[in-house]
Amino acid sequence: MSEFIIDKRYKVLSLIGSGGMADVYKAINLSNRRIYAIKMLKAEYSDDAEFLRRFEQEARATLHLSHDNIVRAYGVGQHNGLPYIVLEYIEGQTLKQLIVDNGPLPERTAIGLCCQILDALSAAHSHGIIHRDVKPQNVMITSRGKAKLTDFGIARDVRASTRTFSGKSVLGSVHYISPEQAQGDKVT
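Since the model is a prediction, treat every value here as computed from it, not as a measurement. (Residues numbered from 1 in each chain as written. Predicted model: local features only at pLDDT ≥ 70, side-chain atom pairs only at ≥ 80, totals over all residues. Heavy atoms only, no water.)

Novice: Got a minute to help me understand the pairing of strand S5 (residues 73-79) in this structure?
Specialist: For a regular strand, side chains alternate in direction, first toward one face of the sheet and then toward the other. As paired elements, S5 and strand S6 (residues 82-88) share 6 bridges and run antiparallel to each other. Bridge assignment links valine 76 to a residue of S6, and that residue is isoleucine 85. As consecutive antiparallel partners, S5 and S6 are separated by 2 residues, and within that stretch asparagine 80 has a phi angle of approximately 50°, a positive value. (Pairing = 2+ DSSP bridges. Helix = DSSP H or I, 4+ residues; strand = E, 2+ residues; numbered from the N terminus.)

Novice: Explain helix H1 (residues 49-63) here, please?
Specialist: Every α-helix winds through 3.6 residues per turn, so residues three or four apart in the chain are directed the same way. With 15 residues, H1 ought to run about 21 Å at 1.5 Å a step, and its terminal C-alpha atoms sit 21 Å apart, in line with that. Those residues of H1 not exposed but buried are Phe51, Arg54, Phe55, Gln57, Glu58, Ala59, Ala61 and Thr62. Of the residues that open H1, the one with a side-chain oxygen 2.9 Å from the backbone nitrogen of glutamate 50 is aspartate 48. (Expected span 1.5 Å × (residues − 1). Buried < 20%, exposed > 50% of the residue type's maximum accessible area, 1.4 Å probe, protein only. Polar contact = N/O pair within 3.5 Å; in protein donor to acceptor, adjacent residues only side chain to side chain.)

Novice: Is there a simple way to think about the nonpolar core in this case?
Specialist: Side chains of nonpolar character tend, in soluble globular proteins, to be buried together. The biggest cluster of nonpolar side chains holds 17 residues, and the ones touching the most others in it are Leu95, Val139, Ile141 and Phe152. Put simply, the parts of the chain that give this core at least two residues each are helix H2 (95-102), helix H3 (107-126), strand S9 (139-142) and strand S10 (147-149). A per-element tally of this core places H3 first, with 6 residues. The contacts of valine 139, once residues within four sequence positions are left out, are Gln93, Thr94, Leu95, Ile117, Ala147, Lys148, Leu149 and Thr150. (Core = buried A, V, L, I, M, F, W, Y, C linked by side-chain atoms within 4.5 Å. Contact = heavy atoms within 4.5 Å.)

Novice: Before we go on, may I ask you to explain the sheet that holds strand S7 (residues 92-94) in this structure?
Specialist: Strand pairing in a sheet relies on backbone hydrogen bonds. The paired strands run either parallel or antiparallel. Read across the sheet, 3 strands follow the order S7-S9-S10 without closing on themselves; strand pairing throughout is antiparallel. The sheet terminates laterally at S7 and S10, the two strands that pair on one side only. In this sheet, adjacent strand axes meet at a mean angle of 30° when their direction is disregarded. Pairing between S9 and S10: 3 bridges, direction antiparallel. Bridge pairing in S10 links isoleucine 141 to alanine 147. (Axes fitted to C-alpha atoms, helices over the stretch in contact; angles between N-to-C directions.)

Novice: What is the right way to read the pattern of salt bridges from this model?
Specialist: Under the counting rule described, the total for this entry stands at 7 salt bridges. With a closest N to O distance of 3.5 Å, glutamate 50 and arginine 54 form a salt bridge. Here glutamate 50 pairs with arginine 54, and both are found in helix H1, just 4 residues apart, close to one helical turn. The exposure class assigned to glutamate 50 is partly exposed, which follows from its relative accessible area of 32%. Residue arginine 54 is classed as buried on the basis of its relative accessible area of 14%. Here lysine 135 ties to aspartate 133 by a salt bridge, and the two come within 3.7 Å at their closest N and O atoms. Accessibility assignment for this pair places lysine 135 and aspartate 133 in one class, buried. (Salt bridge = Lys/Arg side-chain N within 4 Å of Asp/Glu carboxyl O.)

Next comes the structure, spelled out in structure tokens:
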């Protein structure tokens, strides 16, 4: 991947992740020299109203959340017609990768991480946001061992419709989906 500049402000250094609807890049802000993660909708979804709506929904959800255990969002924009979210860059790895690399975590470590993730979910819930896709791949572990919940791509505002079933498809990760999501019931 070649380097490119987003909005004459962020120099993309590398691709650091890719999900179902977006790519995540490590980038440096050219004015303050800080490192950020830029989550950008994939080009193939730029004309898909549903993906654009979900990406905008994620941006709204993350911009309103401020908690030590949630990856911070700093802003949004568009680059060549693709929406993006500027996020806190986490030096670390996903919880999934930590488990793959090290095997089962010591009980004390696992409980500590679970408590941090629950704190993040509690903070989101107190703002009316339900994550709906909590899984090890969506939890970053910093180099100091702090859990940071990320990827609010299918999060919902509890004041809106919180069903995750639309027509023939259910939103969520099959191995981690809640029973109410799998059944297309209201998520609370």
